[in-house]
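# Fold and contact review
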Amino acid sequence: MENRMSTKSAKHAIDIGINEKDRKAIAQGLSALLADSYSLYLMTHNFHWNVTGPHFNTLHTMFMAQYTEQWAALDLIAERIRALGEHAPGTYKEFAKLTSIEEVAGTPKAMEMVRLLIKAQESTARTARKLFSVVEKAKDQPTADLLTQRQDIHEKTAWMLRSLLED
């Protein structure tokens, strides 16, 4: 029986050129990125629903484009975690433990929403950036590509949001 179990384990072992320790470390970092991304998605969607004021149409439309892009990213991040052989977090409780983004209480005014989203976009970019050293050491090009894309999007979105605060 034991021999049969070890044969089965070996049959399903992951051999993609990244050792188990590095795969786990990368998956942990991606789990934090997934939690930040989900928190950002939820914040952006909430603001889309609840924005008011003279910039309503602009912000409502902008927030919808942002949360739609964010929603698609969640799947990419979670599937990369799975490809590395780990389980992706998928509950509010897990996300709350892993995220670097503070939950927003109440309904802020429109420009405060923009400020909060800038902070959350930048925080998500920093979470992605922190993982690069492990990814580069492990020569994990697919994750590096994903991280580069996510950083680019979060940094660009933060810049666009910051431009709304200019006089």
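What counts as what
- Numbers given for residues are sequential positions, taken from 1 along each chain in its written order.
- With the structure being a predicted model, the display of local features is reserved for residues of pLDDT at least 70 and the display and counting of side-chain atom pairs for 80 or more, all residues being used for whole-chain, interface and lining totals.
- Excluding hydrogens and water, the side-chain figures rest on all heavy atoms present in the structure.
- A run of DSSP states H or I qualifies as a helix once it reaches four residues; a run of E qualifies as a strand once it reaches two. Both are numbered from the N-terminal end.
- For each residue, the accessible area found with a 1.4 Å probe, counting protein chains only, is set against the maximum for its type, and the residue is called buried under 20%, exposed over 50%, and partly exposed in between.
- Contact between two residues is taken to exist if any of their heavy atoms lie within 4.5 Å; hydrogens are not considered.
- What sets the accessible areas is the Shrake-Rupley method with a 1.4 Å probe; for residues, cover comes only from the shown protein chains.
- This count recognises Lys and Arg as positive and Asp and Glu as negative, with His and chain-terminal groups excluded.
- By convention, the point assigned to a charge is CZ for Arg, NZ for Lys, CD for Glu and CG for Asp.
- To qualify as a nonpolar core, a set must consist of buried Ala, Val, Leu, Ile, Met, Phe, Trp, Tyr and Cys residues joined through side-chain atoms within 4.5 Å.

### Here's the deal with the overall build of the chain
Within the chain one finds 7 helices and 0 strands. Mapped in sequence order, the helices and strands of the chain form the string α-α-α-α-α-α-α. For the C-alpha atoms alone, the extent of the chain along its principal axes is close to 70 × 30 × 20 Å. Within the chain, buried positions represent 42% of all 167 residues. By sequence separation, contacts in the chain at least 24 residues apart represent 79% of the contacts at least 6 residues apart. Put simply, the chain shows about 10,300 Å² of open surface, and 54% of that area lies on carbon and sulfur atoms. The distance from the centre of the 21 positive side-chain charges to the centre of the 21 negative ones in the chain is 5 Å.

### Quick word on the nonpolar core
In this structure, Ile26, Leu30, Leu34, Ile77 and Leu147 are the most contacted members of the largest nonpolar core, which totals 24 residues. Sorting the residues of this core by element identifies helix H2 (20-50), helix H3 (56-83), helix H6 (132-137) and helix H7 (141-163) as the ones contributing at least two each. In terms of residue count, the dominant contributor to this core is H2 (8 residues). Excluding anything up to four places from it in sequence, Leu147 contacts Leu30, Leu33, Ala128, Leu131, Phe132 and Val135. Counting residues in hydrophobic clusters, the runner-up holds 15 residues, among them Ala110, Met113, Ala120 and Leu161.

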